[in-house]
Amino acid sequence: MDPTVEVAERITSMSISDIDEVSNATEFWSSVLQGRLTAIHCDSEDVDTRDDVARMTRDLHDELAAIQRASRRVKAQLNHLRPISRLPPEIFAHILRLYAASERPHCEPVIVVNNDYDYEPMPREILRSGLGWLKATHVCRRWRQIALEHTELWRQVDATLGYRWAQEMISRAKSASLSLTVDISISRAEFIGDMIIANLHNIRKLELTCIPNLYNDSNDRVALCLSKGPAPLLESLVFLNRSHNVLIRPATLLEDGAPCLRHLTVHGYGPFAWHSQVLRQLVHFDISEGMHTSYEDILFALEEMNVLEVLTLYSGEVTSPHRPLQRAGRFASLPSLVQFTLTGALTFVEWLLTHMRIAKTVKVSITCRGTSQRSDFQSILPILADTGCNLGYPRIAYGSLSKSGRDRLFFTRAWSTVNTEQSIDRDRLSDAASDFHLAFNWVRRAGSHDQLALMIAVHQTLSVRKLADLQIGVQGKLWTPWTWADIFKDCSESMESIRVNSLAAPSFVAAIADNASSGGLNGQRQSGIEGLFAPQLATLGIKSHFDLTDEEDSALYTQLVAALQERKKHGAVLRHLVLPEHLLPAARLRELHEVVPCIASW
Amino acid sequence: MPTIVSVDDSTVPGEGSSRLLLLVSSDNKHIVVEEDIMSRSRFISKQVEGFEATSQRHAILLPFSSFVLNKVIEYCSHYRGYYLLEDDPDAAPPGRSPVREWDQEFLDVDRNMLLRIIKAAHYLEIKSLVGSCARAIADMIRGKTTEEMREILGVENDFTPEEEHSPSSKCTG
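Please read these numbers as outputs of a predicted model, since none were measured by experiment.

The rules behind each value
- Residues numbered from 1 in each chain as written.
- Chains lettered and ligands numbered in written order.
- Predicted model: local features only at pLDDT ≥ 70, side-chain atom pairs only at ≥ 80, totals over all residues.
- Heavy atoms only, no water.
- Helix = DSSP H or I, 4+ residues; strand = E, 2+ residues; numbered from the N terminus.
- Buried < 20%, exposed > 50% of the residue type's maximum accessible area, 1.4 Å probe, protein only.
- Contact = heavy atoms within 4.5 Å.
- Expected span 1.5 Å × (residues − 1).
- Salt bridge = Lys/Arg side-chain N within 4 Å of Asp/Glu carboxyl O.
- Polar contact = N/O pair within 3.5 Å; in protein donor to acceptor, adjacent residues only side chain to side chain.
- Buried area = accessible area lost by both parts, 1.4 Å probe.
- Nonpolar A, V, L, I, M, F, W, Y, C, P; charged D, E, K, R; others polar.
- Axes fitted to C-alpha atoms, helices over the stretch in contact; angles between N-to-C directions.
- Parallel < 35°, antiparallel > 145°, perpendicular 65-115°, else oblique.
- Left-handed = near helix turned anticlockwise from the far one by under 90°.
- pLDDT = per-residue confidence, 0-100.
- Lys, Arg positive; Asp, Glu negative; His and termini not counted.

1. Focus on the overall build of chain A
- For chain A, the count of helices and strands is 19 helices and 21 strands.
- Residues classed as buried in chain A amount to 49% of the 602 residues present.
- Of the contacts formed within chain A by residues at least 6 apart in sequence, a portion of 67% connects residues at least 24 apart.

What follows is the structure in structure tokens.
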């Protein structure tokens, strides 16, 4: 009799009592397995030819796969008994929704940034992607099934993950309204326009990021498709232009076809269609443009925006190309406004404020470009006297701070990112820039060490306890390695991003590995100063002249890997590492990938 | 559906300023609680409305243990008289918000207990508690790998090799 049939018959002929007699699972399955191996002639040691070996190998792999399939069935039975599996599906879907909201699938654009802050795309193969909440659909069959059945989970579509992905998610969202994110720098732009047009009727939120200097045609194509409306559900439209170039003119966008649009963000496009009827219905309006528009056009538009609650206006001009006409008796009252953020040249700010009625309850934040001291604001301070206004002029604070001799110290953007309502004490900010100069010079003249002078200057002028984004560019060998870490250690809890140049890099790399429990790299805290562990730190950028292929400079690389391993050990994994391109030899790139998921290059 | 049994007056303590309810857990523990406290539960509220229609006093049998029931009562007692948006049937569903500070401490229990509480809250229709538990569970798996999620929630990988490696699986992923 065929041994397979024999085993099968033996099993099927077993009565319950027979099975009970096989006292344990190990004995039972050993018996079955032995029978099976005999049946397929794989238990013999008598293997003569290469063909026999190949056949038996193939057969055994088949058996293994079959056993794995069977074992998964047992595991599925186990899963049915788990408490998490006994939650009602709608509750588990609710958990997934919350999880999905906090961990979106993403594709990190790896972008080359040259010194002029222009962007160039990198080949697709080096894009870094993360599955986000979709990892949960890999856990077990039930989780995946529930995810597939709940269409609202799929409505957040990130087209940067790829066209096929985006289409798949849209099809799974079925009739649920969509929130679509498109980054033309890393999406296949030729498909994106068609995808948007095909789904425009169902899109509730659309975010478009474009790079005009590279994809002029694609940008235009995507932008133009929006003029084809209607978009009956569209509530939020975000246009971001990463380049300084301005090519798209969103004048024709959704002129009459977006009755629900309430939130509009347009950065880097222009000239903007200030006459658009769409503006009248906005609740949240955030625009940054070169202000090719006349001041009057802006004022006329604001006059009509009766339901606007949040206005953010950024003018790229430092000086006004023409003096605006003064029209007596015309004011934009914006009756619903609760928050107003304005950045621009003093002349523009002054003109606009004198033509607006700002209620005392409105939260105002103003940054004037081209100003250098508090007295420059004399013309607008009376207008703002009764408003809860944050007034800043950060630009001058990150200019050069001269020292004697050839050494110069630059704060690159450090102060501009401090200028947030949460982190700044208004009174302290008001004279921050001039105080900084004064404090530094005063302490230096008194003969203090440079490091101390700087620390005192920082602590006396600006509150940096909630600083989240720090960019430091130092030139000259002024500082001991731990100077910066010591100065900014108060921000450790809030720091999310640090970008430093070559001279500051070694100290920061060491500092971010140093928390209270680790005591520094290899347990050796440097200089007795506690580091800047920054548990929330997600991004570290090093703009360096180091060459990691060079033996002398490889110390930084070794230190970097050790630092990131140390952070990983303490559960504070860095998400993004930005390095100069020449620092990325393939072997080391692979090693770094084990400790940081996304590596981009300058 | 819960089993509702008639009770005589001796089972329920005398009525004071607030009416009393008798809740019976699956391990047959009798718990007396003020109706006001449990009014956050839509399920209990509906039961009480039913009592009023029949003018009879009842005990409400619930399909979870007294340990879990006491935790739910503790939650309801803490928020007695508070307005919580999530429990307002007329309010729009709230967006994602962090777990309230007190809830965080309250839900600092082991995984199985947390899952029992969310089931009980779902049964009793206490949306705010369901929401807090769900956020706590979502927080447990946030930032974790698939394998870590399995470990945390005690789930086995029951995909066949073919399912795991199919293109559609990658897209689900």
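2. Side note on helix H5 (residues 89-102) of chain A
- In this model H5 of chain A runs 20 Å from its N-terminal to its C-terminal C-alpha over 14 residues, within 8% of the 20 Å that 1.5 Å per residue would give.
- Every buried residue of H5 of chain A is listed here: Ile 91, Phe 92, Ala 93, Ile 95, Leu 96, Leu 98, Tyr 99 and Ala 100 of chain A.
- As for H5 of chain A, its buried residues are in contact with helix H6 (141-149) of chain A together with helix H5 (111-124), helix H6 (127-141) and helix H7 (146-153) of chain B.

3. Let's talk about the pattern of salt bridges
- All told, the structure shown has 15 salt bridges over all chains when counted by the stated rule.
- The closest approach of N and O atoms between Glu 63 of chain A and Arg 36 of chain A, which form a salt bridge, is 2.9 Å. Of this pair, Glu 63 of chain A sits in helix H4 (residues 50-81) while Arg 36 of chain A sits in helix H3 (residues 25-39), placing them 27 residues apart in sequence.
- For Glu 63 of chain A, a relative accessible area of 13% puts it in the buried group.
- Overall, the relative accessible area of 30% leaves Arg 36 of chain A in the partly exposed class.
- Here Lys 569 of chain A and Glu 566 of chain A are joined by a salt bridge, their closest N and O atoms 3.4 Å apart. In this pair, Lys 569 of chain A and Glu 566 of chain A both sit in helix H18 (residues 554-569), three residues apart, roughly one turn of the helix.
- Sharing partners across several salt bridges, the network here consists of Glu 34, Asp 36 and Arg 80 of chain B.

4. Describing the environment of Leu 69 of chain B
All names here are of chain B.
- By the secondary structure assignment, Leu 69 is in helix H3 (residues 66-78).
- Leu 69 gets classed as buried once you look at its relative accessible area, which sits at 0%.
- Counting along the chain gives 47 residues from Leu 69 to Arg 116, while the straight-line C-alpha distance between them is 9.7 Å.
- In this view, Leu 69 contacts Leu 23, Ser 25, Ile 31, Leu 62 and Phe 64; residues no more than four positions away in its chain are not counted.

5. Some points on the side chain of Ser 177 of chain A
All names here are of chain A.
- Structurally, the position occupied by Ser 177 is in the loop between helix H7 (163-173) and strand E6 (178-183).
- Only 2.6 Å separates the side chain of Ser 177 from the side chain of Arg 155, close enough to count as a polar contact.
- Setting aside residues no more than four positions away along its own chain, Ser 177 makes contact with Arg 155, Asn 202, Arg 204 and Leu 233.

6. What about the interface of chain A and chain B?
- Taken residue by residue, the interface counts 38 residues in chain A and 39 residues in chain B.
- Buried surface at the junction of chain A and chain B, both sides included, amounts to about 3600 Å², of which 63% is carbon and sulfur.
- Summed over the shared surface of chain A and chain B, the result is one salt bridge.
- Glu 156 of chain B is the partner of Arg 82 of chain A in a salt bridge, and the nearest nitrogen-oxygen pair spans 3.8 Å.
- Seen at the junction of chain A and chain B, the total is 13 residue pairs in polar contact (both at pLDDT 80 or more).
- The leading source of residues in the side of chain A that touches chain B is H5 of chain A, at eight residues.
- Of the residues that constitute the side of chain A that touches chain B, the class distribution is 19 nonpolar, six polar and 13 charged.

7. Observations regarding the packing of H5 of chain A against H6 of chain B
- Close contact between H5 of chain A and H6 of chain B brings their axes to 8 Å; oriented N to C, the two are set at 55°. On the basis of the axis angle, H5 of chain A is oblique to H6 of chain B. Note on packing geometry: the crossing formed by H5 of chain A with H6 of chain B is right-handed. Touching Ile 91, His 94, Ile 95, Leu 98 and Tyr 99 of chain A of H5 of chain A are Val 130, Gly 131, Ala 134, Arg 135, Ile 137, Ala 138 and Ile 141 of chain B, all from H6 of chain B.
- A breakdown of the residues in the contact of H5 of chain A with H6 of chain B according to their chemical character gives nine nonpolar, two polar and one charged.

8. Brief notes about the confidence of the model for chain A
All names here are of chain A.
- Taken residue by residue, chain A gives an average pLDDT of 68. The fraction at 70 or more is 55%.
- At the level of individual helices and strands, chain A shows its lowest average pLDDT in strand E16 (residues 408-410), which scores 26, and its highest in H6, which scores 92.
- Taken as a whole, residues 475-479 scores under 50 in pLDDT and shows 17 contacts with residues more than four places along the chain or in a different chain.

9. A closer look at unusual backbone geometry
- Despite not being glycine, Ala 534 of chain A has its phi angle at roughly 50°, a positive value.
- Here Ala 534 of chain A shows up in the loop between helix H17 (505-511) and strand E19 (539-543).

10. Points about the side chain of Asp 158 of chain B
- Examined against the element boundaries, Asp 158 of chain B turns out to sit in the loop between H7 and helix H8 (161-165).
- An unpaired buried charge is present at Asp 158 of chain B: no salt bridge exists, and Arg 141 of chain A, the closest side chain of opposite charge, is 4.9 Å distant.
- A distance of 3.3 Å separates a polar atom in the side chain of Asp 158 of chain B from a polar atom in the side chain of Asn 79 of chain A.
- Of note is the side chain of Asp 158 of chain B, whose polar atom sits 2.8 Å from the backbone nitrogen of Arg 141 of chain A.
- Contact partners of Asp 158 of chain B, with chain neighbours within four places excluded, come to Arg 72, Lys 75, Ala 76, Asn 79, Cys 140 and Arg 141 of chain A together with Glu 163 of chain B.

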